Amino acid sequence: MTDSPISHVYVHVPFCSSKCTYCALYSTVHRDEPARDYVAALKLEIEKSAQSFGFRGPDTIFFGGGTPTQLSDELYAELAEHIRDSVCPAVDAEWTSECAPGTLTAAKLRTMRAVGINRLSFGVQSLDNEVLKSINRRHNAQDVADTFRMAREAGIDRVGLDLIACLPGVSDARWCEDLEQALTLSPEHISVYGLTPEPGTVLVHQAERGEVTLWDEETYFRRLDHTETFLTQRGFERYEISNYAKEGRRCRHNMAYWSGRDYIGFGPGASSRVGLMRWTNTPDVKGYSKALLRGDAVPRTEEHVTPEEDLSERCMFAIRTGDGLHLPHEDGPFSALYANWRDGLAALETNGLVRREDERWHLTHAGRWMADTVAAALLN
Ligand code: SF4
């Protein structure tokens, strides 16, 4: 453990080799020059923040994106070494890097491991090469297998695969094959996402022109049901709606988010939460780098939440996890709020959406497919 009040660090690397058709996240197609400025700026942001918050020894660090491994070997190592030296991760810290299969070499993986990265999250999405091409991913199924093997050879024993259950062109049978094929690699963690069609994305334009067919809700639920049965029968625990892990292999960084712990995010578009303060850096890599390199503050939006709003946020996350939402019967500043939520949950219990174990509330099987509705009903 750490002596710092902030134990979780997120670093946003906003570069990708190309834009996936469904993606609405902030990322930009990689160019060397902006990447060099970005790394120089990021180092300044981390130094300033380390001075203001005095944090040392975080328990988890997460490189997300974008595609962190899109950085050159040299820039990636420079950034990781700077973070290691500035914040001195705890001895048993979990240090994750998201990566795109095909952007890693054996040498880069060895460097990553040597710097301290001990967990990888692969953005696989599908193992069907035609589907991968159609969504503008640059890797194929063989790249996934090759990169996975290289990660093991580099000594990384925590590897997760991210998959999307309802990509256009994926049949039920193909989805079952994707899961089977993914397990042949023996990952410790699997995330399975639905896909919300985001306005403005290429995918939505393709659907509007009738070039692709988007999935319906029934297909989505059927796939996720199959996923749960398939993965839990093979030793995975569903510890959050979209996340499955082998015993002891949950993602500690994401667990920290879902438990409402404080974290600091660095980089353009990164969010932070410290006490009742929330802020998000402006998602603009050039503006971000320019501001820091000329000595200005990072452009960002800020918000102060009330203690009740803070607690509500925690509830929204907790109810989605396998551990459930703990609402203690105790006197205190939030006892009236807890009592209101208990009443709301009791109503949902009669509809079969939640169940109670002592003071802990969990989504039922039906409730898991309606988690957003449950959370909204709870907070109303
Ligand atoms: S790799 Fe990830 S962040 Fe980059 S475009 Fe694709 S989905 Fe978006």
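Residues numbered from 1 in each chain as written. Predicted model: local features only at pLDDT ≥ 70, side-chain atom pairs only at ≥ 80, totals over all residues. Heavy atoms only, no water.

### Details of the pattern of salt bridges
- Within this structure, the stated rule accounts for 31 salt bridges.
- Measuring nitrogen to oxygen at the nearest pair gives 2.6 Å for the salt bridge that ties Arg 250 to Glu 237. With Arg 250 in the loop between strand 10 (243-245) and helix 9 (252-258) and Glu 237 in strand 9 (residues 237-240), this pair connects stretches of sequence that are 13 residues apart.
- For Arg 250, a relative accessible area of 23% corresponds to the partly exposed category.
- Linking Glu 302 and Arg 300 is a salt bridge whose minimum nitrogen-to-oxygen distance equals 3.0 Å. (Salt bridge = Lys/Arg side-chain N within 4 Å of Asp/Glu carboxyl O. Helix = DSSP H or I, 4+ residues; strand = E, 2+ residues; numbered from the N terminus. Buried < 20%, exposed > 50% of the residue type's maximum accessible area, 1.4 Å probe, protein only.)

### Structural notes on the sheet that holds strand 15 (residues 325-326)
- Taking strand neighbours across the sheet as the criterion, the three strands line up as 15-17-16 in an open arrangement whose pairing is antiparallel. Looking along the sheet, the strands with just one partner apiece sit at the ends: strand 15 and strand 16 (354-357).
- Here strand 16 pairs with strand 17 (residues 360-363) via four bridges, running antiparallel. Within strand 17, the residue paired with Arg 356 across the bridge is Trp 361. (Pairing = 2+ DSSP bridges.)

### Re the packing of aromatic side chains
- The full count for this structure, using the stated rule, is twelve aromatic pairs.
- Ring geometry for Tyr 220 versus Phe 221: centroids 5.7 Å apart, planes at 40 degrees, classification tilted.
- For Phe 221, a relative accessible area of 21% corresponds to the partly exposed category.
- For the ring pair Tyr 239 and Trp 258, a centre distance of 5.9 Å and an interplane angle of 55 degrees mean the geometry is tilted. Taken together, the residues span a long stretch of sequence, with Tyr 239 in strand 9 and Trp 258 in helix 9 at a distance of 19 residues.
- An aromatic cluster is built from Phe 15, Tyr 38 and Tyr 288, whose rings are joined through pairwise contacts.
- For Arg 234, the ring lying beneath its charged end belongs to Phe 230, and the centroid distance is 3.7 Å. (Phe/Tyr/Trp six-rings, centres within 6.5 Å; stacked < 30°, edge-to-face > 60°. Lys NZ or Arg CZ within 6 Å of the ring centre and 35° of its normal.)

### Here's the deal with the pairing of strand 13 (residues 277-281)
- Pairing between strand 12 (residues 271-274) and strand 13: four bridges, direction antiparallel. Opposite Arg 273, over in strand 13, you have Arg 278 as the bridge partner.
- Between strand 12 and strand 13, which follow one another and run antiparallel, lie two residues, and Gly 275 among them has a positive phi close to 60 degrees.
- In terms of strand pairing, strand 13 meets strand 14 (residues 300-304) through five bridges, oriented antiparallel. Within the sheet, the bridge partner assigned to Met 277 lies in strand 14 and is His 304.

### Remarks on the packing of helix 12 (residues 335-350) against helix 14 (residues 371-379)
- Look at helix 12 against helix 14: their axes get within 8 Å of each other, and the N-to-C directions meet at 140 degrees. Taken as axis vectors, helix 12 and helix 14 run oblique relative to one another. Two packed elements cross with a definite hand, and for helix 12 against helix 14 that hand is right-handed. Along its contact with helix 12, which presents Trp 341, Leu 345 and Leu 348, the element helix 14 presents Val 374, Ala 377, Leu 378 and Leu 379.
- For the contact of helix 12 with helix 14, the residue count by class is seven nonpolar, no polar and no charged. (Axes fitted to C-alpha atoms, helices over the stretch in contact; angles between N-to-C directions. Parallel < 35°, antiparallel > 145°, perpendicular 65-115°, else oblique. Left-handed = near helix turned anticlockwise from the far one by under 90°. Contact = heavy atoms within 4.5 Å. Nonpolar A, V, L, I, M, F, W, Y, C, P; charged D, E, K, R; others polar.)

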